[in-house]
Amino acid sequence: MTEQMSVDSAPPSAETPGSAGVSGGMHYDFEDAQSGDLGALAAIADAMKSDSLADRLESLKRLGVLALAMGEERTREELIPFLDESIDDEDELLLSLAEVLGDFVQYVGGPKYAFVLLRPLENLAAAEETVVREKAVDAINKLVESMDQLQVEEYLIPCIARLSSGEWFTSRSSAAGLYAAAYNKVTDAIQSKLRSGFEALCKDDTPMIRRAAASNLEGVVARIAQEHVLSFAIPNFRRLAEDDQDSVRLLTVEPLVAVTKRLSTEECKQHLGESVQRLCTDKSWRVRYMVADHFVAIAKNIKDQDLQEELVNVAIALMHDNEAEVRGAICTQLDGLADLAAPEAVVARFRGPLQELVDDPSQHVRSTLAKHIGSLCRVFGKEGTIEHLLPLLLRLLKDSFPEVRLNIISKLDVVDSVVGIDSLSQSLLPAIVELAEDKQWRVRLAIIEYVPLIASQLGVQFFDEQLSNLCMSWLGDPVYSIREAATVNLKKLTDVFGVDWARTTIIPKILAMANHPNYLYRMTTIFAITTIAPSVTPEIVRDQILPALECLVNDPIPNIRFNVAKSLEPLAEALRKSADTAALESSVVRPTLVRLEEDPDPDVRYFAHRSLESINNGSSAAAAAAAATATTAEQSASA
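Since this is a predicted model, take the numbers as computed values, not measurements. Every chain's residues receive numbers from 1 upward, in the order its sequence appears when written. The predicted origin of the model limits local features to residues at a pLDDT of at least 70 and limits the giving and counting of side-chain atom pairs to 80 or more, whereas totals for whole chains, interfaces and linings rest on all residues. Where side-chain values are given, they derive from all heavy atoms of the structure, hydrogens and water being excluded.

*Asks:* What is the right way to look at the overall build of the chain in this model?
*Replies:* A helix here means a DSSP run of H or I that spans at least four residues, while a strand means a run of E at least two residues long, and both kinds are numbered starting from the N terminus. If you tally the helices and strands in the chain, you get 38 helices and zero strands. Sorting the 639 residues of the chain into buried and exposed places 51% on the buried side. Within the structure as shown, the chain displays about 29000 Å² of accessible surface, and the carbon and sulfur contribution to it stands at 49%. Burial classification: accessible surface area is computed with a 1.4 Å probe over protein chains only, and a residue below 20% of its type maximum counts as buried, one above 50% as exposed, and the rest as partly exposed. The accessible surface values rely on the Shrake-Rupley method and a 1.4 Å probe; as for residues, cover is taken only from the protein chains in view.

Shown next, in the form of C-alpha cells:
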C-alpha cells in the first residue's frame, strides 16, 4: 500500500502471487487471508488501491482480517488514517466502508478507542449520496453506544458542531441524525447547546435540512427532560408543522405523536389542538395522508374527550377526502376510531360514510375498507351489524375487484364472533357459494379455508345439502393449490363430522374419481385418500382405500404410479394401528411396493424403494416399542 501502512514481513507486492493489482490486472485471491498468510494479506492491501471496483469492495469486506494482522495500535495509527485519506467518489464503495466502520470498534482496541473511527465516518456523513450519509449516521450512532461521556463530549460533540455548521446541506442534514444519540450522554450545559443547535437546523433556510430536522425531532423529543417539552419541543414542532414546504410538514406527524405522549390532557388541548386541526385539513394530500395513517395514535394520546369528539368529525371528513390515498389510510384506522366515541354515536355517524366508501371508485380504497370494516362489528353489536354492516359486507363480497372479495372472506371469522354463524350463513352463504367458483384462484382458496368453520356450525345435514358437492368440485380444480387445499379441507371435515360420515359420504365420491379419464383427477384421488387416511379407521383403509390404490398401481401414467408408491407409506402406518389389519402390511403393501421397484420408470422405482425402506424402519421401531412395553408389563407384574 503506502510506506506509512504496510504488512510486516510480506514479500514485495510485485513478487507476491495474486498481488499484481494495478499494474498486472491479476485477480486477487483472498482465501488464505484468514489464516494470516502474508501474501494474501498483502493482496488485500494492494487490492485497496486497485482500479477495479470489485477488488476494492472485496478488500473492504476483509478489512477486519487485515486489521487483525496489523494489530490494534497500527490499525488506529495507520489503517484508519489511510481509509480517511483514501475515500474516493464511488458510492458503492463509500456505502460499504460506512457499514464496515460501524462494526470496527473491536479492531481499534475496543470502546476506549471508538472515537478513532469518527473522523472517516464524519467525512462519509458529508457525502453527496443520501444512502451513504444515512449509513454513516447509523454507524456513528452505533459507536455512541460504546462511548463514555468523556469521549462523547471530547470527540462527538465537536463532530456534530462541524457537521451542523457545514457549508453544504449534506453535512447539516446528517448532523440532524446525531443529536438524539448524543443527548443523554452529556452534561446539562452541553444538552442546552445541543437543543440550540438542533433548533438552528429547524430554522435552516434549506428545505432539505428542515426535512432532516423534522425526521429526527421524534428521537430528540423522546430524550429531553419534561421541562423542555413545552419550551423546546412544541415551538420547534409548530415551526416545522407550519413550514411552507409540504415535504417538511408531512414529517411532523410522527413527532406530533411523540410530543402528545409527553403532555398532560390539558397541555395537549392548550398547546396542540390548533396545530392538529391545521394538519388534518392541510392543503397537501400527502400531509393529510400521514395524519390519516397515524390518526388513532394522535387522537388517543391527546386524551381530551372534547377534542377527540372533534377529531371523529375530522376522521369522517377524511373519509370524504378528494384523494383516494387519504380515504384508504383512514380506513386502516377504523378499529381505533370506534373507541373515540360512544357506540351509539359511532353507528349514527359512520353509517353514511361507510356506505359511500363501499361504492368508492378506487379499488384500493374498497380493498382497504374490506380488510378493516369487520373490526366495527364489536362496536355496532349483533343487531347493528346485522342491520347496517352485513348489507355492506354483502356488497363488498360481490365487488368486481378480486382483492376486495378476498379481504372480506379473510375477516369473516371476526363477523362470525359477533353475529353468529346462523345469521352470517343466511345473509352471506349465497354469495360465498358464488365465490367458490370465482375466476381468481386466491378467492376460491380463501373460501375453502373458511368451509370447515361454516360446516362445524351448521351441522351435517346443512353441509350435505348445500356444500358437499361444492367441496368435491374443488378436487378437480385446474389450480394445484386449490386441489391441495381441497384435500386438507376434506380431512378437516372428517375430523368435524366423524369417520362414519366420511365412510358413507366423502370417501365413495373420492374413490369414484380413480376411474376418471383425466389423470389429474386420478392424481387428486391419491392425494385425498393419503391426507384423509390418518383420520379414518384402519378398517376403512382396508375395505375402501387400499383396493382403490391397488387398481392405480397399473396406471399408464408414471406420475400416478410413483404417487401410489408414496401413499402406501402412510397407509401402512394406518393399517399398523389395528391387529385386524396389521397383516395387510406384509400381504398387500410390501408386495405392491416390491412390484413397483421393478417398474420401467426410474422415478417409480425410486419412490417405491424409499417407501419400502421407510416401512421397514417403521415396523422395526414399532416392534421394538411393543417389546419394550411387554417387558415393562412383565416387570410390573413380577414386582
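*Asks:* How should the pattern of salt bridges be read in this particular structure?
*Replies:* Proximity of charged atoms lets side chains of opposite charge pair with each other. Salt bridge, as used here, is a side-chain nitrogen of Lys or Arg placed within 4 Å of a carboxyl oxygen of Asp or Glu. Using the criterion set out here, one finds 27 salt bridges in the structure. A salt bridge links D204 to R172; its shortest N-O distance comes to 3.0 Å. In this pair, D204 sits in the loop between helix 12 (188-202) and helix 13 (207-223) while R172 sits in helix 10 (residues 169-175), placing the two residues 32 residues apart along the sequence. By relative accessible area, which is 14% here, D204 ends up buried. Here D359 ties to R395 by a salt bridge, and the two come within 2.4 Å at their closest N and O atoms. With D359 in the loop between helix 23 (343-358) and helix 24 (363-372) and R395 in helix 25 (residues 377-397), the pair connects residues that are 36 residues apart, well separated along the chain. Residue classification places R395 among the partly exposed residues on the basis of a relative accessible area of 36%. Each of the salt bridges in this network shares a partner with another, and the network as a whole consists of K300, D335, D339 and R378.

*Asks:* Is there a simple way to explain the packing of helix 32 (residues 480-497) against helix 33 (residues 499-512) in this structure?
*Replies:* Between two packed helices, what matters for the description is the angle formed by their axes and the separation of those axes. Axis angles are defined between N-to-C directions and span 0 to 180 degrees, where every axis is a line fitted to C-alpha atoms and, for a helix, only to the segment in contact. The geometry of helix 32 relative to helix 33 is characterised by a closest axis approach of 8 Å and an angle of 150 degrees between their N-to-C directions. Here helix 33 runs roughly antiparallel to helix 32, going by the angle between their axes. The handedness of the crossing between helix 32 and helix 33 is right-handed. Residue-level contacts link L490, L493, T494 and F497 of helix 32 to V499, W501, A502, I506 and I510 of helix 33. As a working rule, the residues Ala, Val, Leu, Ile, Met, Phe, Trp, Tyr, Cys and Pro are called nonpolar, Asp, Glu, Lys and Arg charged, and the rest polar, with Gly in that last group. For the contact of helix 32 with helix 33, the class distribution of residues is eight nonpolar, one polar and no charged. If an angle is under 35 degrees, it is roughly parallel; if it is over 145, roughly antiparallel; if it lies from 65 to 115, roughly perpendicular; otherwise it is oblique. The crossing is said to be left-handed when, going from far helix to near helix, the turn is anticlockwise and less than a right angle, and right-handed when the turn is clockwise. The contact criterion used throughout is that any non-hydrogen atoms of two residues lie within 4.5 Å.

*Asks:* Looking at this model, I keep getting lost on the nonpolar core. Mind explaining?
*Replies:* Soluble globular proteins tend to pack their nonpolar side chains together in the buried interior. In this structure, F104, F295, L354 and W474 are the most contacted members of the largest nonpolar core, which totals 207 residues. If near-sequence neighbours (up to four positions away) are discounted, F104 is found in contact with L63, G64, A67, T75, L79, I80 and L117. Buried Ala, Val, Leu, Ile, Met, Phe, Trp, Tyr and Cys residues that are joined via side-chain atoms within 4.5 Å together make up what is termed a nonpolar core.

*Asks:* Where do I start with the packing of helix 20 (residues 305-319) against helix 23 in this structure?
*Replies:* Contact geometry of helix 20 with helix 23 gives a least axis separation of 10 Å together with a crossing angle of 15 degrees. As judged from the angle between their axes, helix 20 and helix 23 are roughly parallel. By crossing handedness, the relation of helix 20 to helix 23 is classed as left-handed. Between helix 20, through E309, V312, N313, I316 and M319, and helix 23, the contact on the second element is made entirely by R349, F350, P353 and L357. Among the residues making up the contact of helix 20 with helix 23, the classes are represented as six nonpolar, one polar and two charged.

*Asks:* In this structure, what is going on with the confidence of the model for the chain? I would like to understand it.
*Replies:* The predicted structure's coordinates, where accompanied by low pLDDT, should not be read in detail. Residues with a pLDDT of 70 or more make up 88% of the chain, whose mean pLDDT is 82. The score called pLDDT rates the predictor's confidence residue by residue, from a low of 0 to a high of 100. Ignoring residues within four places in sequence, the model shows residues 1-40, a span with pLDDT below 50, making 68 contacts including any to other chains.

*Asks:* Would you mind going over helix 24 with me for this structure?
*Replies:* The periodicity of an α-helix, 3.6 residues per turn, causes residues three or four positions apart to be oriented the same way. Here helix 24 has its buried residues at V365, R366, S367, T368, L369 and A370. Here a polar contact means two N or O atoms within 3.5 Å. Within protein one must be a hydrogen donor candidate and the other an acceptor candidate, and residues neighboring in sequence count only if both atoms are side-chain atoms. The N-capping residue of helix 24, defined by a side-chain oxygen 3.3 Å from the backbone nitrogen of H364, is S362.

*Asks:* What am I meant to see in the packing of aromatic side chains here?
*Replies:* Describing an aromatic ring pair means giving the distance of the ring centres and the angle of the ring planes. Aromatic rings from Phe, Tyr and Trp, taking only the six-membered ring of Trp, are treated as a pair when their centres fall within 6.5 Å; an angle between ring planes under 30 degrees marks them as stacked, one over 60 as edge-to-face, and anything in between as tilted. One pass over the structure, following the stated rule, counts 11 aromatic pairs. With 4.0 Å between their ring centres and 10 degrees between their planes, F115 and Y155 make a pair best called stacked. Linking F115 in the loop between helix 6 (91-101) and helix 7 (118-125) with Y155 in helix 9 (residues 149-164), this pair joins segments that are 40 residues apart in sequence. Residue F115 is classed as partly exposed on the basis of its relative accessible area of 22%. On the basis of relative accessible area, Y155 is assigned to the partly exposed category, the value being 30%. Centroid distance F562 to F607: 4.9 Å. Interplanar angle 25 degrees. Geometry classified as stacked. Of this pair, F562 sits in helix 36 (residues 558-575) while F607 sits in helix 38 (residues 602-638), placing them 45 residues apart in sequence. A residue is classified by how much of its surface remains accessible, and F562, at 13% relative accessible area, is buried. Here F607 falls in the buried class, since its relative accessible area comes to 15%.

*Asks:* Which parts of the structure should I look at to understand the side chain of R522?
*Replies:* Mapped onto the fold, R522 is located in helix 34 (residues 519-532). You can call R522 buried: its relative accessible area is 9%. From its side chain, R522 meets the backbone oxygen of P517 in a polar contact 3.1 Å long. Setting aside residues no more than four positions away along its own chain, R522 makes contact with M513, A514, H516, P517, L552, D555, I557 and I560.

*Asks:* Any chance you could explain the environment of N407 here in plain terms?
*Replies:* Assignment of secondary structure puts N407 in helix 26 (residues 402-410). The exposure class of N407 is buried, given its relative accessible area of 11%. C-alpha of N407 to C-alpha of I373: the two residues are 34 residues apart in sequence and 9.9 Å apart in space. Ignoring sequence-local partners within four residues, the contact set of N407 consists of S367, A370 and K371. Within the structure, the side chain of N407 is placed 2.9 Å from the side chain of S367, a separation counted as a polar contact.

*Asks:* Teacher, can you tell me more about a negative patch on the surface here?
*Replies:* Excluding any residue in a salt bridge, patches collect residues exceeding 30% relative accessible area, merging like charges within 9 Å and nonpolar Val, Leu, Ile, Met, Phe, Trp and Tyr side chains within 5 Å. The charged-residue count follows a simple rule in which Lys and Arg add positive charge and Asp and Glu add negative charge, with His and chain termini not counted at all. To locate a charge, take atom NZ for lysine, CZ for arginine, CG for aspartate or CD for glutamate. Together, E90, D91, E92, E128 and E129 make up a negatively charged patch on the protein surface. Inspection of the secondary structure puts D91 in helix 6.

*Asks:* Would you take a moment to explain helix 20 for this structure?
*Replies:* Across its 15 residues, helix 20 extends 21 Å between first and last C-alpha, which sits within 8% of the 21 Å expected from 1.5 Å per residue. For helix 20, the full list of buried residues reads L307, Q308, L311, V312, V314, A315, I316, L318 and M319. Those residues of helix 20 hidden inside the fold are in contact with helix 17 (265-280), helix 18 (285-293), helix 19 (295-302), helix 21 (324-331), helix 22 (334-337) and helix 23. Helix span, as expected, comes to 1.5 Å for every residue beyond the first.

*Asks:* Whenever I open this one, the environment of Q440 confuses me. Can you help?
*Replies:* Here Q440 lies in the loop between helix 28 (421-435) and helix 29 (441-458). Setting aside residues up to four positions removed in sequence, Q440 forms contacts with P402 and R405.

*Asks:* Help me understand the environment of L279, please; the structure alone is not making it clear to me.
*Replies:* The topology assignment puts L279 in helix 17. Owing to a relative accessible area of 2%, L279 belongs among the buried residues under this scheme. Between the C-alpha atoms of L279 and Y289, which are 10 residues apart in sequence, the distance is 10.0 Å. With near-sequence residues (within four places) excluded, L279 lies in contact with F237, A241, R249, T252, L256, V287, R288 and V291.

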